[in-house]
Each structure stands twice: as structure tokens, then as C-alpha cells.
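# Examination of the molecular architecture
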Amino acid sequence: MVIPLVTLPITYNYLNSEVYGLWAAVTQFFGLFAFSDLGLGNGLYTKLSQANGKDDLTLCKKIISNTFCILLLIAVALSIIFVTIFPFVNWAELMNAQGDETISLVPYLILIIVGCKLFDIPIAIIQRTQYALQEGYRNDIWGIMGALLSLCSIIVIARYDLGKLALLIVSTSIPVVVSLINMLVYFNIQRKELKISFKMFDIVMSKDLLSLGIYFCLLSVLTSVGYSMDTFIVAKTCSLTDAASYSVIYKISIICSAIMTILGMPLWGANGEAIARGDIDWVKKNTRKMSLILGSCSILFTICVMLSINFILRIWMGESFKFSYPALLWLCVMQIMFSFINPYFMVLNAYGIVKKQILLFLIYTSIVFALKYYLSLKYSVVIIPAVGSLLYMIIVCIPTYRITCKLLRHS
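Below, the structure is looked at part by part. (Residues numbered from 1 in each chain as written. Predicted model: local features only at pLDDT ≥ 70, side-chain atom pairs only at ≥ 80, totals over all residues. Heavy atoms only, no water.)

## A short note on the packing of aromatic side chains
Our working rule: What counts as a ring pair is set by centres within 6.5 Å for rings of Phe, Tyr and Trp (its six-membered ring), and what kind of pair is set by the plane angle: stacked under 30 degrees, edge-to-face over 60, tilted for all other angles. Secondary structure counts use DSSP, requiring at least four H or I residues in a row for a helix and at least two E residues in a row for a strand, with both numbered from the N terminus. For every residue, the accessible area (1.4 Å probe, protein chains only) is compared with the maximum for its type, and the residue is labelled buried under 20%, exposed over 50%, or partly exposed between those bounds.
The tally for this structure, following the rule as stated, stands at 13 aromatic pairs. Between F216 and W268, the ring centres sit 5.8 Å apart and the planes meet at 40°, which makes this aromatic pair tilted. Within this pair, whereas F216 is found in helix α10 (residues 203-228), its partner W268 is found in helix α13 (residues 266-276), the two being separated by 52 residues in sequence. Summarising the burial analysis for this pair, F216 and W268 share the class buried. Geometrically, the ring pair formed by F345 and F361 is tilted, given 6.0 Å between the ring centres and 35° between the ring planes. Residue F345 is found in helix α15 (residues 325-351), and its partner F361 is found in helix α16 (residues 355-378); the two are separated by 16 residues along the sequence. In this structure F345 comes out as buried when scored by relative accessible area, which is 6%. Taken together, the aromatic side chains of F345, F361, Y364 and Y392 make up a single cluster linked through ring pairs.

Here it is in C-alpha cells:
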């Protein structure tokens, strides 16, 4: 998490503000690939954690193998679709690219990002598997190694001026390559008993996984649009330079939610195992405890950031860097609410209760995206995180808390 912050000034200055803004906008736009696995990754998380709670290794292997087979088919199908439509889309116009250099980089950047995301669809199963089996530390160790490799590569590219395209390729592809190595090591050395087998493909189980996965897929689409489209909206309604500035303070704000997610994510697998074993009291106790801990940490983080941000950005990005202080404050408020409510989402996910979450985010996303886009045309970028935060509290946080508390009382 620290290394991307260290490399940000290097990449920002080396690429220039417009190309960096393009990179941020394209990355967030294709962040919608979060739903490309049809929610099977999240479905795997729920089913595998429950099977692990039953100590059934055969069932665990069958769930992993069936999920991988479907994800591989999805990746192939999406690749064919993308290659077919790619030549017919004016990507530069879609991304609001202005300068000649930026326009020339657009198609290459699209190919790099989409190619890596498609390749990552079946490989991403390793992260879900390790977290569902409460071995997420393995994934995190590989992630650290990948981050260190990215740091070294970016420094070398910038130092010897190997080209903007080389920097974009390396920064985007290294995480995928590291995940692939993690998967090969895990299933062939560390947990051979769970090694993926195409012979275990089962139509009935696949339909069951797809049924749950599609609900998670829809939820992923709604949350991606609701959470991750701010920079794209700024790029479309303002400029790529504004998008670059907004992207920087957005990265700072989500440090908090990233830390809270790391701390809270193991609850999904642990809750699934506890539910399978009938230990509901453990779920109740730890959900309340983690909500208070994560929320309090998020508030403390926000206070520290707001008091020191001018000094940090002056040292980090230089005296000439301009940003919106109120926008950063609202972005941090959003992260505080996310931290408080995240453990309650982990309970609903462990139970496989997705439809109610879909309804909440359908209402939230449809309203918030339209309002953000419309109001940002009339007002400054501050309106984007302000609207998102206020509506998130009213439409998502309060109902989710009430639904989860009722569920646990009657379990």
C-alpha cells in the first residue's frame, strides 16, 4: 500500500498530468471488469468457507475446480467479444483525450489494461481461495513481492527513460503475473490436495455456483459504478488534468478503506465457517467489535490526513500541485462510513444474502451516478464525493445495519 504512494510522484511526473489522468480514467472505467467473472469469485468465497467449516476437502476441491472451469470459459468468451468490437470504438473520444501524445497512447493503454484484466479473470481464483480458507496471508505476501517488483521496475524505467508505454505495461501487468505464480505454487506445492482438476467439472454444481455468482455479479456492477466512477466523471465533465488531481486525493482517501478491508475481509471466511458450525454468538460479538474498531481507526486516519495533507502533498507532489481540500474531506467521510458498515456486509456475504444488498445498491447507484454527473456540470468537483457520501449513509449504511441485526437475532 505504501509503494504505490512512493511511485505516484514518479509516474505522475514521468507521464505528465494528462497521460496520468488518462491512465486513471481508463483504469476506473474498466474497473467494471470486477463483474466479468459473473460473481463467481464471491460465490466461491461463500461456498468454500462453508465447505471448509464442514472439513470436507473433496467438496472444497470440487468447488474450486468447477469455479475455475467456468471462469476460464468466461475469459475466452470476453476476449473474443473485445477483439471483435475494439476496432469500431473511438477510444480517444470516449476517454476525452486531447493532446496528440495522449490520443496516440489511448488504444495501446486500452489493450494493456483490458488484456491484463481478461487474463486475470481465471487467475483471480487464487485470492478468493486463500481468503476463504483463511490463508489470506499467503496472497498478501505475494502482493508485497509484486509491489516491490513494481517499485524497482518503475524507478528503472523513469531513470533510463525507457518510455511511457513501457511504464504503463509494467505497472499493469506485474500484479497479474505475480498472481499467476502464486496460483501455480499454491495448487502444485503448498496445497496439492486442492489442485484444480477439469475431471471434477459438474453441471449441477456449476449451475449452483452460477446462480449465486450472478447475484454477486450484479452487486459488483452496482458497487463498482457507485464507488469507482468518480475519476471518470471528473474526466468527462471537467478535464483530464482535473481527473489527475482528483485521482491523487482519491488514492489518499482509499488508503483508509484499503486497510479496513484488509482487516475486515477475513471475517467473510471466518463467518462462513462459524455459521457452518452453528456458532452464531461468535459472529454477533465479532461483527460489533470489528465495526467499532474499523470505524474508530478510520476516524483517526481522517483527522491525521486532514491536519497534515498540505505538508504531505507539498513534499510528495511539489509546490505546484493543486487539489480540492473539501473534496478530500468528503472522500474521507465516505471511507469512515464504509469502515463502520463493512463487517455487516461480511455477515450478509457469509450467509449468501445478496438480493437485499442488490436492491440497496440499485437504488443508491442509479440515484448517485445521475446526480454526480449532472451536478458536476454545474458545480465544482466537491459535489461529487459530497453527494456520494450523504446518499451512501442514508440508502446503504442504515438499512444494511438494520437487516444484519435482524438476521442475527433470528439465527
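## Focus on the environment of T46
With respect to the helices, strands and loops of the structure, T46 is situated in helix α3 (residues 40-53). For T46, a relative accessible area of 2% translates into the label buried. The spacing of T46 and G272 is 226 residues in sequence and 6.4 Å in space, taken between C-alpha atoms.

## Brief notes about the packing of α16 against helix α17 (residues 383-409)
This is how the line gets drawn: With axes taken as lines fitted to C-alpha atoms, and helix axes fitted only over the stretch in contact, angles between N-to-C directions fall between 0 and 180 degrees. Every angle not falling under 35 degrees, over 145, or within 65 to 115 is termed oblique; those three ranges are roughly parallel, roughly antiparallel and roughly perpendicular. We call a crossing left-handed when the near helix sits turned anticlockwise from the far one by less than a right angle, and right-handed when that turn is clockwise. Note on contacts: a residue pair is in contact if any heavy atoms of the two residues lie within 4.5 Å. The nonpolar class holds Ala, Val, Leu, Ile, Met, Phe, Trp, Tyr, Cys and Pro. Asp, Glu, Lys and Arg form the charged class, and all remaining residues, Gly among them, are polar.
Direction vectors running N to C along α16 and α17 enclose 170°, while the axes themselves pass 9 Å from each other. Judged by the angle between their axes, α16 and α17 are roughly antiparallel. Note on packing geometry: the crossing formed by α16 with α17 is right-handed. Counting all contacts with α16, which are made through K356, L360, F361, I363, Y364, I367, V368, L371, K372, L375 and S376, the residues of α17 involved are I383, I384, V387, G388, L391, Y392, I395, V396, P399, T400 and I403. Of the residues contributing to the contact of α16 with α17, the split by class is 17 nonpolar, three polar and two charged.

## What to know about the nonpolar core
Our working definition: Throughout this description, the term nonpolar core refers to a set of buried Ala, Val, Leu, Ile, Met, Phe, Trp, Tyr and Cys residues connected via side-chain atoms within 4.5 Å.
I110, V248, Y364 and Y392 are the most contacted members of the largest nonpolar core, which totals 120 residues. Among residues more than four places away in sequence, those in contact with V248 are L8, Y12, L313, W316, M317 and F321.

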